[in-house]
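Report on the structure
As a plain string of letters, each chain reads:
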Amino acid sequence: VGDDVDERGELAEGGVVVVNVNYRTAPHFHLGHVLEDANAALRWVSAEIAGYGGDAQRIVLGGDSAGGQISALMTAASFQPELAEHHGLEPAVPAAHLKGLVQHCSIVDFSVFFDKGFVMSLNFIRMLLPQSPSPGGSTSAQRHRRLREAAHYMSPLEWLDSRCPPVFITTSERDFFYASNMNLIARLREHGVHVDTLVYGWDSANTEHTWQQNFRYPESQEVYRRLQSFIT
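Residues numbered from 1 in each chain as written. Predicted model: local features only at pLDDT ≥ 70, side-chain atom pairs only at ≥ 80, totals over all residues. Heavy atoms only, no water.

Within the protein chain one finds 8 helices and 4 strands. Within the protein chain, residue pairs in contact and separated by at least 24 positions form 71% of the contacts whose partners lie at least 6 positions apart. As displayed, the protein chain offers around 11,500 Å² of accessible surface, 49% of which is attributable to carbon and sulfur atoms. In the protein chain, which carries 18 positive and 27 negative side-chain charges, the distance between the mean positions of the two groups comes to 7 Å. (Helix = DSSP H or I, 4+ residues; strand = E, 2+ residues; numbered from the N terminus. Contact = heavy atoms within 4.5 Å. Areas by Shrake-Rupley, 256 points an atom, 1.4 Å probe, with all protein chains shown as cover. Lys, Arg positive; Asp, Glu negative; His and termini not counted. Charge placed at Lys NZ, Arg CZ, Asp CG, Glu CD.)

See the structure below:
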């Protein structure tokens with residue numbers, strides 16, 4: 001799930017069948033709509049990818065930032081009925097057909113939004129919710145608790161377990177979702193999931209959020225060399 005062409009072209013040249021997916025952003029969308037779009041894309045892949053030389057039983061999902069979150073949630077929903085039901089999904093492909101998950105600077109742990117001083121506000125969570133009138137008379141504590149509950153269903157980290165396929169995670173200390181990604185690495189390893197990582201330190205100046213998309217950077221080129229190996 002993403003919007004960059006050069007890197008996907010690099011993968012295609014390496015023999016990988018690439019489906020570049022986008023999703024609704026405006027106006028009047030919420031996370032459920034976004035996941036509907038991702039599920040529709042997977043339904044198309046399941047039905048049509050053989051005609052492009054692909055194998056519908058060997059799918060690797062992945063994306064950058066929000067695209068990573070969507071890919072991870074779709075992976076989790078394939079084996080977590082509660083999550084799928086919450087978002088109104090009937091997964092288009094079975095979990096057994098998902099052979100890998102790729103995460104680039106992904107929004108995978110929404111608990112970081114509640115950390116004091118985090119660069120993004122709780123309005124990001126509110127933006128992803130279906131719009132409905134706030135209950136009259138609710139206290140600040142009650143509203144905060146509802147956001148915590150909503151964040152639970154938005155956080156792939158809360159749902160990915162030992163049934164998750166192998167994962168490739170790239171992040172950097174310069175990315176504001178660095179802690180989120182490191183939390184996911186730790187959680188997946190606790191579950192015994194195979195995790196391949198590429199993590200850059202602060203001294204790598206080219207590694208701001210979604211740096212993976214800029215193929216001019218040697219750090220990005222390394223990502224896609226590693227990704228090719230991970231997929232194949």
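More follows now that the structure is in view.
Further remarks concern the packing of aromatic side chains. For the structure shown, the criterion picks out 12 aromatic pairs. Judged by centre distance (6.0 Å) and plane angle (50°), the ring pair of Phe-113 and Phe-177 falls under tilted. In this pair, Phe-113 sits in the loop between β2 (98-104) and α5 (123-127) while Phe-177 sits in the loop between β3 (167-172) and α7 (178-190), placing the two residues 64 residues apart along the sequence. We classify Phe-113 as buried; its relative accessible area is 3%. Ring-pair connections join several aromatic residues into one group, and the members of that group are Phe-110, Phe-113, Phe-118, Phe-124, Phe-176 and Phe-177. (Phe/Tyr/Trp six-rings, centres within 6.5 Å; stacked < 30°, edge-to-face > 60°. Buried < 20%, exposed > 50% of the residue type's maximum accessible area, 1.4 Å probe, protein only.)

Further remarks concern unusual backbone geometry. A positive phi is found at Ser-65, a non-glycine position, where the angle reads about 55°. Residue Ser-65 is classed as buried on the basis of its relative accessible area, which comes to 15%. Although it is not a glycine, Thr-210 adopts a positive phi angle of roughly 60°. Mapped onto the fold, Thr-210 is located in the loop between β4 (195-200) and α8 (218-231).

Here we take up a positive patch on the surface. Together, Arg-126, Arg-143, Arg-145 and Arg-146 make up a region of like positive charge exposed at the surface. Among the elements that take part in the positive patch, helix α6 (residues 140-154) stands out by supplying 3 residues, more than any other. With respect to the helices and strands, the residue Arg-146 is situated in helix α6. (Patch = residues over 30% accessible without salt bridge, like charges linked within 9 Å, V, L, I, M, F, W, Y side chains within 5 Å. Salt bridge = Lys/Arg side-chain N within 4 Å of Asp/Glu carboxyl O.)

Most of strand β1 (residues 59-64) is tucked away: 5 of the 6 residues are buried. In this structure, β1 lies alongside β2, joined through 6 bridges in parallel fashion. Along β2, the bridge assignment pairs Asp-64 with His-104. (Pairing = 2+ DSSP bridges.)

Attention shifts here to the packing of helix α2 (residues 31-48) against helix α3 (residues 66-77). Two elements in contact, α2 and α3, have axes whose closest approach is 10 Å; the angle formed by their N-to-C orientations is 70°. Classed by the angle they form, the pair α2 and α3 counts as roughly perpendicular. The handedness of the crossing between α2 and α3 comes out as right-handed. Contacts from Leu-31, Val-34, Leu-35, Ala-38, Asn-39 and Leu-42 in α2 reach Gln-69, Ile-70, Leu-73 and Met-74 in α3. Classifying every residue of the contact of α2 with α3 gives 8 nonpolar, 2 polar and no charged. (Axes fitted to C-alpha atoms, helices over the stretch in contact; angles between N-to-C directions. Parallel < 35°, antiparallel > 145°, perpendicular 65-115°, else oblique. Left-handed = near helix turned anticlockwise from the far one by under 90°. Nonpolar A, V, L, I, M, F, W, Y, C, P; charged D, E, K, R; others polar.)

One pass over the structure, following the stated rule, counts 6 salt bridges. For the salt bridge of Asp-196 with Arg-226, the shortest nitrogen-to-oxygen distance reads 2.8 Å. Taken together, the residues Asp-196 in strand β4 and Arg-226 in helix α8 connect sequence positions 30 residues apart. Here Asp-196 falls in the partly exposed class, since its relative accessible area comes to 22%.

Glancing now at a nonpolar patch on the surface. A grouping of Val-17, Val-19, Trp-44 and Tyr-52 is seen on the molecular surface, where their side chains present a nonpolar patch of about 380 Å² in accessible area. Structurally, Trp-44 can be placed in helix α2.

Put simply, side chains in a regular strand alternate between the two faces of the sheet. Where β3 and β4 come together, 6 bridges link them in parallel fashion. Directly across from Val-167, in β4, lies its bridge partner Val-195. In this fold, the crossover linking β3 to β4 by way of α7 has right-handed handedness. (Right-handed = clockwise from strand over helix to strand, strands pointing away.)

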